[in-house]
Amino acid sequence: MSSAEEAKVVVPRNFRLLEELERGEKGIGDGTVSYGMDDADDIYMQSWTGTILGPPNTAYEGKIFQLKLFCGKEYPESPPTVRFQTRINMACVNPESGVVEPSLFPMLTNWRREYTMEDILVKLKKEMMTSHNRKLAQPPEGNEEARADPKGPAKCCVM
């Protein structure tokens, strides 16, 4: 097989998601972002949860942000939808729905197959540290009502 043919090998969706699940379960990076499956019975591996610890020296410091990531059948060719469960004031996030707006978050607009859910979470954390986000006033603590979720209340894990 030539190197050009090898470069065209495409990892099937479920194998890719299994790789991401394994990486998420092992723990990644410095521990300030994490992710895993939302529902172990979801054979299509579509519903995921993510967590970002607010970066120091920002308005997000000391807060834990919960997110939902939904990988449709076109993932990883198309990006997942990403929604903050925790209320947050951030330039790329719709304040009503918590959805990360692809038009305001270039990684989703310019999605590439090799990007992962981990990449999204790390990039969102970096976005929290940018000059236009780091000092934004945040919604008051205790204002964490679960956003409407078609699958019911969010499941949480002990850290």
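Owing to the predicted nature of the structure, the values given are computational and were not obtained by experimental measurement.

Quick notes on the rules
- Residues numbered from 1 in each chain as written.
- Predicted model: local features only at pLDDT ≥ 70, side-chain atom pairs only at ≥ 80, totals over all residues.
- Heavy atoms only, no water.
- Helix = DSSP H or I, 4+ residues; strand = E, 2+ residues; numbered from the N terminus.
- Buried < 20%, exposed > 50% of the residue type's maximum accessible area, 1.4 Å probe, protein only.
- Contact = heavy atoms within 4.5 Å.
- Areas by Shrake-Rupley, 256 points an atom, 1.4 Å probe, with all protein chains shown as cover.
- Patch = residues over 30% accessible without salt bridge, like charges linked within 9 Å, V, L, I, M, F, W, Y side chains within 5 Å.
- Salt bridge = Lys/Arg side-chain N within 4 Å of Asp/Glu carboxyl O.

## Focus: the overall build of the protein chain
In step 1: Of the regular secondary structure elements, the protein chain holds 4 helices and 4 strands.
In step 2: Start at the N end of the protein chain and walk to the C end: the helices and strands fall as α-α-β-β-β-β-α-α.
In step 3: Looking at the protein chain as a whole, 40% of its 159 residues qualify as buried.
In step 4: Within the protein chain, residue pairs in contact and separated by at least 24 positions form 57% of the contacts whose partners lie at least 6 positions apart.
In step 5: Here the protein chain displays about 9300 Å² of accessible surface, and carbon together with sulfur accounts for 57% of that area.

## A look at a nonpolar patch on the surface
In step 1: Judged by side-chain polarity, Val-11, Phe-15 and Leu-18 come together as a nonpolar surface patch covering roughly 270 Å² of accessible area.
In step 2: Looking at the element boundaries, Val-11 is found in the loop between helix H1 (3–7) and helix H2 (13–26).

## A short note on the pattern of salt bridges
In step 1: Tallied over the entire structure, the rule returns 6 salt bridges.
In step 2: We note a salt bridge from Arg-16 to Glu-20, for which the minimum N-O separation is 2.9 Å. Here the residue Arg-16 and the residue Glu-20 both occupy positions in helix H2, the gap between them amounting to 4 residues, near one helical turn.
In step 3: Glu-20 gets classed as buried once you look at its relative accessible area, which sits at 4%.

## Digging into the environment of Glu-22
In step 1: Within the secondary structure, Glu-22 sits in helix H2.
In step 2: A residue is classified by how much of its surface remains accessible, and Glu-22, at 44% relative accessible area, is partly exposed.
In step 3: On a C-alpha basis, the gap between Glu-22 and Gly-36 in space is 8.7 Å, while along the polypeptide they are 14 residues apart.

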